[in-house]
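Listed below are the residues making up each chain.
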Amino acid sequence: MADTPPLNVSTWKEAVEFAPGVHWIGALDPTLRTFDIILKTANGTTYNSYLVRGSEGVAIIDTVKEGFEDEFFHRLESVARYDEIKVIVLNHLEPDHSGALPELMRRAPQARLYISTRATSMLKALLRPNREEPFEYTTVTTNDRVSLGDRHLRFLHTPFLHWPDTQCTYLEEEQVLFSGDVFGCHYCDVRLFNDRVGDFRFSFDYYYAHIMRPFKQWVMEALALIEPLKMKIVAPTHGPILRERPRRYVAHYRELSTSTLSREIGDTNKSLIIFYMSSYGNTARMAEAIYSGADTVEGVRVSLYDLEGGEVAPFVDLIEDADALLFGSPTINGDAVKPVWDLLSSLAVVNLKGKIGAAFGSYGWSGEAVRMVEDRMRGLKMRVPREGLRVKLIPTQEELDECTGLGREIANILVGKEVQRGVIEFSDLT
Ligand SMILES: Cc1cc2nc3c(=O)[nH]c(=O)nc-3n(C[C@H](O)[C@H](O)[C@H](O)COP(=O)(O)O)c2cc1C
């Protein structure tokens, strides 16, 4: 590759060799500004595809998005013939990696496709228009190997990163990990390698936060397979190829996947957070009473936040580490209030399954908000062990005492002092 890459990427069609017999043959998409609806892409993205040459054949690992086939096939043809292709691996079947697969299979019909077991049904659904010519494929799992003669590909089963079908592929002889979307990011730079491209740290972390973060537990399981590998290069499906200190990125994933609260303060306490909104102070009074009740329970760290004084994003981070969440909203025009919904609708990036939830709020006559918030919490697979508290207008001392009791009860459930009531929870059923 030239030292100074061309700025006009549309004219640049080189395959790039980055280990002996290992080429990048992907495509660049520098003008893309939004990916998958939820991700911003300030300078576009790349669809990385790789070619590995062995003494007894060639392997292609992942393809590119539909519409980028020309670039991909041009690069491929510059380093291999189609009749040499023996193996095609799809680490993840999302359309941005499988778009060129039907055409590749047509051009290399002798090639064998290797996918994870969970990818089988997706393969059929994604390639529906091509059903008249179904592909032969082999499903593989951790430590299955494919030989290219003097080169061997080994598979690692790494599901849910970020689709159920995800796997990684390790080229043993060159110690290259083809990681799929793990360790990737949406960052387009013709200089391709982490030691040469611009500063892409924001993009790496942003990608993790929006794509991998809901699957932290699966990340940890994948890291247990990945960390013991000897690793010269990590080659993801988006963004820079990590050839300088690749282990730093692996270690960073472990950091990002470890609870920040317990990491920062070594806290073994359970975390209970109360969020509320209040116009005349009634729901606020309930919140304070709940707080005082929860705070009497040893082993529970209680936090109280008025949503009027906060932004959504930092609260989402707190929620991720919390064990119990209580939301307080008055009923306004038959609904819970917008800041509460804003927070509740921003939680798709964190895993809430099994966290304890409860709702409360003051109302004037119909009081729908509490039930609505409870339904949302159940929809997020939280456990809602008891009915929330609704208070008509100004809470009496008796009602405030009930609030104190609610706080104490939820906190006791957290530390195992109080058995959850026999409510059937959505999260139990999934
Ligand atoms: C604009 C407005 C709309 C309201 N709509 C409802 C409603 O639809 N149903 C209801 O039960 N109460 C309604 N209320 C009454 C409030 O829920 C009630 O005043 C409550 O005590 C406010 O609690 P807060 O002091 O925590 O804000 C409404 C109040 C206002 C000001």
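For clarity, every value in this text was computed on a predicted model and none was experimentally measured. (Residues numbered from 1 in each chain as written. Predicted model: local features only at pLDDT ≥ 70, side-chain atom pairs only at ≥ 80, totals over all residues. Heavy atoms only, no water.)

Colleague: Help me understand the packing of helix α9 (residues 282-294) against helix α13 (residues 397-414), please; the structure alone is not making it clear to me.
Modeller: Helix-helix packing is characterised by the crossing angle of the two axes and by the distance between the axes. Where α9 contacts α13, the axes come no closer than 6 Å and their chain directions differ by 45°. As far as their axial angle goes, α13 and α9 are oblique. Crossing hand, α9 versus α13: right-handed. The segment α9 lies against α13, with Arg 285, Met 286, Ala 289, Ile 290, Ser 292, Gly 293 and Ala 294 engaging Leu 400, Cys 403, Thr 404, Leu 406, Gly 407, Arg 408 and Ala 411. (Axes fitted to C-alpha atoms, helices over the stretch in contact; angles between N-to-C directions. Helix = DSSP H or I, 4+ residues; strand = E, 2+ residues; numbered from the N terminus. Parallel < 35°, antiparallel > 145°, perpendicular 65-115°, else oblique. Left-handed = near helix turned anticlockwise from the far one by under 90°. Contact = heavy atoms within 4.5 Å.)

Colleague: Before we go on, may I ask you to explain the nonpolar core in this structure?
Modeller: Across soluble globular proteins, you tend to see nonpolar side chains buried next to one another. Ranked by size, the top nonpolar core spans 61 residues in total, and within it Ile 60, Ile 85, Leu 177 and Phe 183 carry the most contacts. Sort the elements by how many residues they give to this core and helix α5 (residues 201-212) lands first, with five residues. Ignoring anything within four residues of it in the chain, the contact list for Phe 183 reads Leu 177, Phe 204, Leu 223, Ile 226, Val 234, Pro 236, Leu 242, Tyr 249, Val 250 and Tyr 253. With 30 residues, the next largest nonpolar core counts Phe 18, Val 52, Tyr 114 and Val 146 among its residues. (Core = buried A, V, L, I, M, F, W, Y, C linked by side-chain atoms within 4.5 Å. Buried < 20%, exposed > 50% of the residue type's maximum accessible area, 1.4 Å probe, protein only.)

Colleague: I would appreciate a short explanation of the site of the ligand in the present structure.
Modeller: Contacts to the ligand come from 18 residues, most closely from Ser 278, Ser 279, Thr 283, Gly 334 and Ser 362. At 2.7 Å from an oxygen atom of the ligand is found a main-chain nitrogen or oxygen belonging to Gly 334. Separating a nitrogen atom of the ligand from a backbone N or O atom of Gly 364 is a distance of 3.0 Å. Out of a free accessible area of 630 Å², the ligand has 82% covered by protein chains. Of all the elements in the fold, those that place two or more residues in the shell around the ligand are α9 and β20 (356-363). Residues of the shell around the ligand, tallied by class, amount to six nonpolar, twelve polar and no charged. (Near = heavy atom within 4 Å. Polar contact = N/O pair within 3.5 Å; in protein donor to acceptor, adjacent residues only side chain to side chain. Areas by Shrake-Rupley, 256 points an atom, 1.4 Å probe, with all protein chains shown as cover. Nonpolar A, V, L, I, M, F, W, Y, C, P; charged D, E, K, R; others polar.)

Colleague: When you look at α13 in this model, what are you seeing that I'm missing?
Modeller: Side chains three or four residues apart in an α-helix point the same way, a direct result of the helix having 3.6 residues per turn. In this model α13 runs 26 Å from its N-terminal to its C-terminal C-alpha over 18 residues, within 8% of the 26 Å that 1.5 Å per residue would give. Three or more residues of α13 are buried, namely Leu 400, Cys 403, Thr 404, Leu 406, Gly 407, Glu 409, Ile 410, Ala 411, Asn 412, Ile 413 and Leu 414. Buried residues along α13 sit against β17 (270-276), α9, β18 (300-306), β19 (324-328), β20 and β21 (389-392). Just past α13, the residue Gly 416 takes up positive phi, approximately 80°. (Expected span 1.5 Å × (residues − 1).)

Colleague: I would appreciate a short explanation of unusual backbone geometry in the present structure.
Modeller: A negative phi holds for most residues other than glycine; trans holds for most peptide bonds. Following Leu 161, the chain continues to His 162 via a peptide bond in cis, the omega torsion being 5°. Position of His 162 among the secondary structure elements: in the loop between β13 (152-157) and β14 (167-171). Unusually for a residue other than glycine, Asp 62 sits at a positive phi of about 65°. Tracing the backbone shows Asp 62 in the loop between β8 (57-61) and α1 (69-79). A residue is classified by how much of its surface remains accessible, and Asp 62, at 2% relative accessible area, is buried. Here the phi dihedral of Phe 160 falls at roughly 65°; this positive angle occurs in a residue that is not glycine. Secondary-structure assignment places Phe 160 in the loop between β13 and β14.

Colleague: Mind showing me how you'd approach the packing of aromatic side chains here?
Modeller: Given two aromatic rings, their pairing is described by the distance between the two centres and the angle made by the two planes. Applying the stated criterion across every chain yields a total of 21 aromatic pairs. Between Phe 275 and Phe 327 the ring centres are 5.6 Å apart and the planes differ by 20°, which places this aromatic pair in the stacked class. Of the two residues, Phe 275 sits in strand β17 while Phe 327 sits in strand β19, which places them 52 residues apart along the sequence. Residue Phe 275 shares its accessibility class with Phe 327, and that shared class is buried. Aromatic ring contacts, followed pair by pair, group Phe 183, Tyr 187, Phe 200, Phe 202, Phe 204, Tyr 208, Tyr 249 and Tyr 253 into a single cluster. Of note, Arg 248 hangs over the ring of Tyr 249, and the distance from its end group to the ring centre comes to 5.6 Å. A cation sits over an aromatic face here: Arg 390 above Tyr 363, 5.0 Å from the ring centre. (Phe/Tyr/Trp six-rings, centres within 6.5 Å; stacked < 30°, edge-to-face > 60°. Lys NZ or Arg CZ within 6 Å of the ring centre and 35° of its normal.)

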